[in-house]
Amino acid sequence: MSRLRRVGMVLARAFAAALVLPVPSIAAEVPAASAVVKPAQPVIASAHRLATEAGHRVLADGGNAFDAAIAVSATLGLVEPESSGIGGGGFFLLRRASDGHVVFVDARERAPMAATRDMFLDANGQPIPERSINGPLAAGIPGLPAGLVHLAERYGRLPLERSLMPAIELAERGWPWGVKNQAMIGWRQRVLEADRGARALFLPGGKPPAVGTRMRNPDYARTLRRLARDGFDGFYRGDTARRLVDGVRRAGGIWTLEDLAGYAVIEREPIRFRYRGAEIVTAPPPSSGGVALASILHILAPFELDQMAPAARTHVLVEAMRRAYRDRAIYLGDPDQVRIPVDLLVDPAYAAGLRAGINLERATPSELLPGISARPGSDQTTHYSIIDAEGNLASVTQTVNLPFGNGMVIPGTGFLLNNEMDDFSVKPGVPNAFGLVGEDANAVAPGKRPLSSMTPTFVLAPDRVTVLGTPGGSRIISMVLLGVLAVLDGQGAQAVADAPRIHHQYLPDTLSAEPGALAPDVVEALKAKGHTVSQGERNWGNMQIVSWWLSDGRVEAGFDRRWKSASVDEPTDGAIFR
Ligand code: GLY
């Protein structure tokens, strides 16, 4: 009997007492337009006060939420360079108030055309340490600048130049280096030191700037001015493109001018589904987030989570996460290059099958669910959420991947390149302990987009519209899940952002909990069910969330106060509204 077959029989026995519950049909109670009061004021939550202010300035200048998004994106790339920037990529989930049109603008990086499946392996087929993380081969072709141009051309109201102006002026005038900037640079100093451009920008005098140091970046201002003047061509052709290709190739990279000129954003249909009377609108592949979120919430649909004791509730949450994360690792990748069974994975009937395998009394060991490991991913990346006074929505998560991306600034450009190539599976096709070959869906290939966990999301409930998201690598999905549940439990935006977090991602087979997330008796009850609990290990995430109450137009913002302790001199909390 094959090993897999034996595993199947073990599973069948383990699930003999499985729970099978009907999935209730959920009707959306969307209020009539006449019952909806427009937002009393625009609201923006971002990871940096200066970025939020840039967004408000553009709104005050006559822009809409999509123009404001351009301002926030470009400013975050300047003042929070460890997390995102125009050398990276992002996802823009948008909803237009006038007609309810929702769209997912995929501005994800893509692999250069000379990329190969084994480019990060040595002659023995082993991953070469750091090659997909630091230096020229780690960088995918940036998508964020094309995303900003696309927003301005398709959805904004202002010329791109006006929306980019706050970031341009800030780069010229200068801004104070913050505590979070400094905390992050500590992790990446060695890599930044190795690159002339990064050294000049981030290690003046050979060391990280002191908190409060006035930083200027005229090269970034000039790069943005070219983008503002010439649109797509202002980045992907001409002076910026030539500098980038020369610099990357001189350092040993494989970018070409054609890679840049051939980049295109893609408009995709968001993942949409119903849960507890709300419509959830979220990220489709090449993000894994929306598929996993839909799968988890469909598994959870019949459970009255708010009526359950904490240990029982945590148990079913973890079992749902375990199953969805397993599927994420096996099936998901770039939908333009691999066949992904999205319709199946987000089908409530499929989720019912997964739910049937949950034993309410016992944890299912992940090794009994044959699959492959999902790698943890980094805590960097950034998210912001916008609702404007007309009710337009923007939920945007953008990234350079690990802190300070690949650590390279091509001289004269003023921005870091990403290391998004590390979001590919660098060593696919190697059989796991159960003989399964996995991660092919996310293998490196020319022109391919690496799988992401970024999950910008809308929760459209009958009484309230919420825009949310967070950085946090593979933990993004579980954070957004907990955020959605808290919103539908009626919690305010700040309470949602504050709520302690738990996470399980199939492998490693460990339930992680932030300090204070689980009471000692709950931990004991979970251990008794067979869970391995890593309790109070650390905090994670940087959630930015805004809500609009439809009955009276009230708006509110919640920001992640986990970074509050790092914001003594220069607040990183950007959640303000006027
Ligand atoms: N680089 C983080 C993500 O895309 O999930």
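In this convention, every chain numbers its residues from 1, walking through the sequence in written order. Local features in this predicted model are restricted to residues whose pLDDT is 70 or higher, and side-chain atom pairs enter the listing and the counts only when it is 80 or higher, whereas totals over whole chains, interfaces and linings include all residues. Only hydrogens and water are removed before side-chain values are computed, so all heavy atoms of the structure are retained for them.

**Regarding the packing of aromatic side chains**
Test applied: Here a pair means two rings of Phe, Tyr or Trp (six-membered ring of Trp) with centres within 6.5 Å. Their orientation is stacked below 30 degrees between planes, edge-to-face above 60, and tilted elsewhere. Secondary structure elements follow DSSP: runs of H or I no shorter than four residues count as helices, runs of E no shorter than two count as strands, and numbering proceeds from the N terminus. Residue exposure (1.4 Å probe, protein chains only): buried if accessible area is under 20% of the type maximum, exposed if over 50%, otherwise partly exposed. By definition, being over a ring means that NZ of Lys or CZ of Arg is both within 6 Å of the ring centre and within 35 degrees of the ring normal.
Considering all chains together, one arrives at eight aromatic pairs under this definition. Centre to centre, the rings of F66 and Y155 are 6.0 Å apart; their planes meet at 70 degrees, and the pair counts as edge-to-face. Here the residue F66 occupies a position in helix 3 (residues 65–79), and Y155 occupies one in the loop between helix 4 (144–154) and helix 5 (160–173), the gap between them amounting to 89 residues. Its relative accessible area of 1% is what places F66 among the buried residues. With centroids separated by 5.7 Å and ring planes inclined at 10 degrees, the aromatic side chains of Y236 and Y263 adopt a geometry described as stacked. Placement of the pair is Y236 in helix 9 (residues 233–236) and Y263 in the loop between helix 11 (257–261) and strand 6 (266–268), with a sequence separation of 27 residues. On the basis of relative accessibility, which here comes to 2%, the residue Y263 falls in the buried class. Members of the aromatic cluster, connected to one another through ring pairs, are F232, F235, Y236, Y263 and F415. Lying over the aromatic face of W540, R475 brings its terminal NZ or CZ to 4.2 Å of the ring centre.

**Focus on the site of the ligand**
Operational definition: Any residue with a non-hydrogen atom lying within 4 Å of a molecule or strand is treated as near it. Contacts described as polar in this section are N or O atom pairs within 3.5 Å, which, within protein, must combine one atom able to donate a hydrogen with one able to accept it, while residues neighboring in sequence count only if both atoms come from side chains. Side-chain classes follow a simple rule in which Ala, Val, Leu, Ile, Met, Phe, Trp, Tyr, Cys and Pro form the nonpolar group, Asp, Glu, Lys and Arg form the charged group, and the remainder, Gly included, forms the polar group.
Every residue lining the ligand is accounted for by R108, T381, T399, N401, E420, D423, S452, S453 and M454. Between a nitrogen atom of the ligand and a side-chain N or O atom of E420, the distance comes to 2.6 Å. For the ligand, a nitrogen atom lies 2.7 Å from a polar atom in the side chain of D423. Of the residues assigned to the shell around the ligand, the class counts are one nonpolar, five polar and three charged.

**Regarding the sheet that holds strand 10 (residues 393–399)**
The following threshold applies: By the convention used here, strands pair only if DSSP detects at least 2 bridges between them. Think of each axis as a best-fit line through the C-alpha atoms, taken over the contacting stretch in the case of a helix, with angles from 0 to 180 degrees between the N-to-C directions. Between two residues, a contact is recorded if the distance between any of their heavy atoms is within 4.5 Å.
If you trace the six strands from one edge of the open sheet to the other, you get 1-9-10-2-3-6, paired in antiparallel fashion. The open sheet is flanked by strand 1 (43–45) and strand 6, the only strands paired with a single partner. Ignoring which end each strand starts from, the neighbouring axes of this sheet average 15 degrees apart. Relative to strand 6, strand 3 (residues 102–107) is paired through three bridges, and the arrangement is antiparallel. Its bridge partner being in strand 6, D106 is matched across the sheet by I266. Strand contacts of helix 3: strand 1, strand 2 (89–95), strand 9 (382–387) and strand 10, with the helix running at about 155 degrees to strand 9, the strand carrying the most contacts.

**Some words on the pattern of salt bridges**
The line we're drawing: By definition, a salt bridge exists where a carboxyl oxygen of Asp or Glu is found within 4 Å of a side-chain nitrogen of Lys or Arg.
Inspection of every chain in the model, using the stated rule, returns 35 salt bridges. Note that R243 and D239 form a salt bridge whose closest N and O atoms lie 3.3 Å from each other. Pair noted here: R243 and D239 are both in helix 10 (residues 238–250), with a separation of four residues, about one helical turn. Connected through salt bridges with shared partners, the residues D106, R268, D336 and R449 form a single ionic network.

**Brief notes about the sheet that holds strand 15 (residues 533–535)**
With mixed pairing, the three strands of this open sheet are ordered in space as 13-14-15. Because the sheet does not close on itself, it has two edges, and the strands there are strand 13 (502–503) and strand 15. Pairing analysis gives three bridges linking strand 14 (residues 511–513) to strand 15, with the strands arranged parallel. Bridge pairing in strand 15 places A513 opposite Q535.

**Comments concerning the nonpolar core**
Our working definition: In this text, buried Ala, Val, Leu, Ile, Met, Phe, Trp, Tyr and Cys residues form a nonpolar core when linked through side-chain atoms within 4.5 Å.
In terms of nonpolar packing, the biggest core is built from 85 residues, with Y275, L297, L300, L481, I502 and L518 touching the most fellow members. Counting residues per element, this core draws most heavily on helix 16 (residues 475–488), at 11 residues. Filtering out sequence-adjacent residues up to four positions away, L297 remains in contact with F273, Y275, L481, V484 and L485. Formed by 73 residues, the second largest nonpolar core is a distinct cluster that contains M165, A167, V248 and L260.

**Thoughts on the pairing of strand 8 (residues 278–282)**
Burial runs high along strand 8: five of the five residues are buried. Here strand 7 (residues 271–275) runs beside strand 8; their pairing, made up of five bridges, is antiparallel. In the strand pairing of strand 8, R274 is matched with E279. Two successive antiparallel strands, strand 7 and strand 8, enclose a turn made up of two residues, where R276 displays a positive phi of approximately 45 degrees. When strand 8 meets strand 11 (residues 457–460), the two strands line up antiparallel, connected through three bridges. The residue bridging I280 from the neighbouring strand is V459, located in strand 11.

**Here we look at unusual backbone geometry**
In this structure, P286 follows P285 across a cis peptide bond, with omega equal to 20 degrees. Along the chain, P286 falls in the loop between strand 8 and helix 12 (289–300). Between L507 and the following residue, P508, the backbone shows a cis peptide bond with an omega angle of -5 degrees. Take P508: it is sitting in the loop between strand 13 and strand 14. The phi torsion at N401 lies on the positive side, around 80 degrees, for a residue other than glycine. Tracing the backbone through its elements, the reader meets N401 in the loop between strand 10 and strand 11. Since its relative accessible area comes to 5%, N401 is described here as buried. A positive phi angle, near 60 degrees, is found at F404, a position not held by glycine.

**A word on the packing of helix 13 (residues 310–331) against helix 18 (residues 520–528)**
To keep things clear, this is the line we draw: Throughout this description, any angle smaller than 35 degrees is read as roughly parallel, any larger than 145 degrees as roughly antiparallel, any in the 65 to 115 degree range as roughly perpendicular, and the remainder as oblique. Whether a crossing is left-handed or right-handed is set by the direction in which the near helix is turned from the far one by less than a right angle, anticlockwise for left-handed and clockwise for right-handed.
With their axes 9 Å apart at the nearest point, helix 13 and helix 18 run at an angle of 50 degrees to one another. Taken together, the axes of helix 13 and helix 18 lie oblique to each other. For helix 13 against helix 18, the interelement crossing comes out right-handed. Mapping the contact onto sequence places P310, A311, T314 and H315 in helix 13 and V522, A525 and L526 in helix 18.

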